[in-house]
Amino acid sequence: MYNYRVSLNSVEKVKDFVAVTSRLPMEMELASGRYVVDAKSIMGIFSLDLTQPMELRAHEKLDPEAEAALAPYFVK
């Protein structure tokens, strides 16, 4: 499992993030505290605390194209 910190602090970011993750063939989850949801589920993401950074858990390493598509959401 590969973990990345992401920030989705607006409705637009959530919608764009789901559009990106939905195109990727791998399984991914978002974790916020003790809650874990499917990273491709807009309803699941909106159930999380969007004011805090979250952990994106990918079941396989992101290829460079996927990493570039998700880069705007990564927290440095």
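Please refer to the structure higher up on the page.
Along each chain, the written sequence defines residue order, and numbers are assigned to residues from 1. In view of the model being predicted, local features appear only for residues whose pLDDT reaches at least 70, and side-chain atom pairs are presented and counted only at 80 or more, with totals across whole chains, interfaces and linings using the full set of residues. Side-chain figures throughout are based on the complete set of non-hydrogen atoms in the structure, without hydrogens or water.

A. A look at the environment of Tyr 35. Helix and strand definitions here come from DSSP, where helices need a minimum of 4 consecutive H or I residues and strands a minimum of 2 consecutive E residues; each element is numbered from the N-terminal end. Along the polypeptide, Tyr 35 turns up in strand β3 (residues 35-38). Along the backbone, Tyr 35 and Asp 49 are 14 residues apart, and their C-alpha atoms lie at a distance of 9.5 Å. Apart from residues no more than four positions distant in its own chain, Tyr 35 is found in contact with Leu 30 and Leu 48. Counted as a polar contact is a pair of N or O atoms within 3.5 Å, where, for protein atoms, one must be capable of donating a hydrogen and the other of accepting one, and residues adjacent in sequence contribute only when both atoms are in side chains. Among the polar contacts listed, one links the side chain of Tyr 35 to the side chain of Arg 34, at a separation of 3.1 Å. It only takes one pair of heavy atoms within 4.5 Å for two residues to be counted as in contact.

B. Structural detail: helix α1 (residues 11-23). Taking 1.5 Å of rise per residue, 13 residues should cover 18 Å, and α1 covers 19 Å from first to last C-alpha, within 8% of that figure. Buried residues along α1 sit against β2 (28-32), α2 (42-46), β4 (54-58) and α3 (64-70). Expected span of a helix: the number of residues minus one, times 1.5 Å.

C. Molecular detail of a nonpolar patch on the surface. Like charges within 9 Å and nonpolar side chains (Val, Leu, Ile, Met, Phe, Trp, Tyr) within 5 Å are joined into patches, using only residues over 30% in relative accessible area that form no salt bridge. Using a 1.4 Å probe, accessible areas were evaluated by the Shrake-Rupley method; residue-level cover was limited to the displayed protein chains. By salt bridge we mean one thing: a side-chain nitrogen of Lys or Arg within 4 Å of a carboxyl oxygen of Asp or Glu. On the surface, a nonpolar cluster with roughly 380 Å² of combined accessible area is contributed by Val 11, Ile 42, Met 43 and Phe 46. If you tally residues by element for the nonpolar patch, the top one is α2, at three residues. Within the element layout of this structure, Met 43 appears in helix α2.

D. Summary view of a negative patch on the surface. The positive count covers Lys and Arg only, the negative count covers Asp and Glu only, and His and the chain ends enter neither. For charged residues, the charge sits on one atom: NZ in Lys, CZ in Arg, CG in Asp, CD in Glu. A surface patch of like charges, here negative, comprises Glu 27, Asp 38, Glu 60, Asp 63, Glu 65 and Glu 67. In this fold, Glu 60 is placed in the loop between β4 and α3.

E. Seen up close, the packing of aromatic side chains. Pairing of aromatic side chains requires ring centres within 6.5 Å, counting the rings of Phe and Tyr and the six-membered ring of Trp. Pairs whose planes differ by under 30 degrees are stacked, by over 60 edge-to-face, and all others tilted. Scanning the entire structure with this criterion turns up two aromatic pairs. Here the aromatic rings of Tyr 4 and Phe 74 are separated by 5.4 Å at their centres, their planes lie at 10°, and the arrangement is stacked. Taken together, the residues Tyr 4 in strand β1 (residues 2-6) and Phe 74 in the segment after α3 connect sequence positions 70 residues apart. The pair Tyr 4 / Phe 74 is uniform in exposure class, with both members buried. Seen from their ring centres, Phe 17 and Tyr 73 are 5.4 Å apart, and the 80° between their planes marks the pair as edge-to-face. Taken together, the residues span a long stretch of sequence, with Phe 17 in helix α1 and Tyr 73 in the segment after α3 at a distance of 56 residues. Relative accessibility thresholds used throughout: buried, under 20% of the residue-type maximum; exposed, over 50%; partly exposed, between the two (1.4 Å probe, protein chains only).

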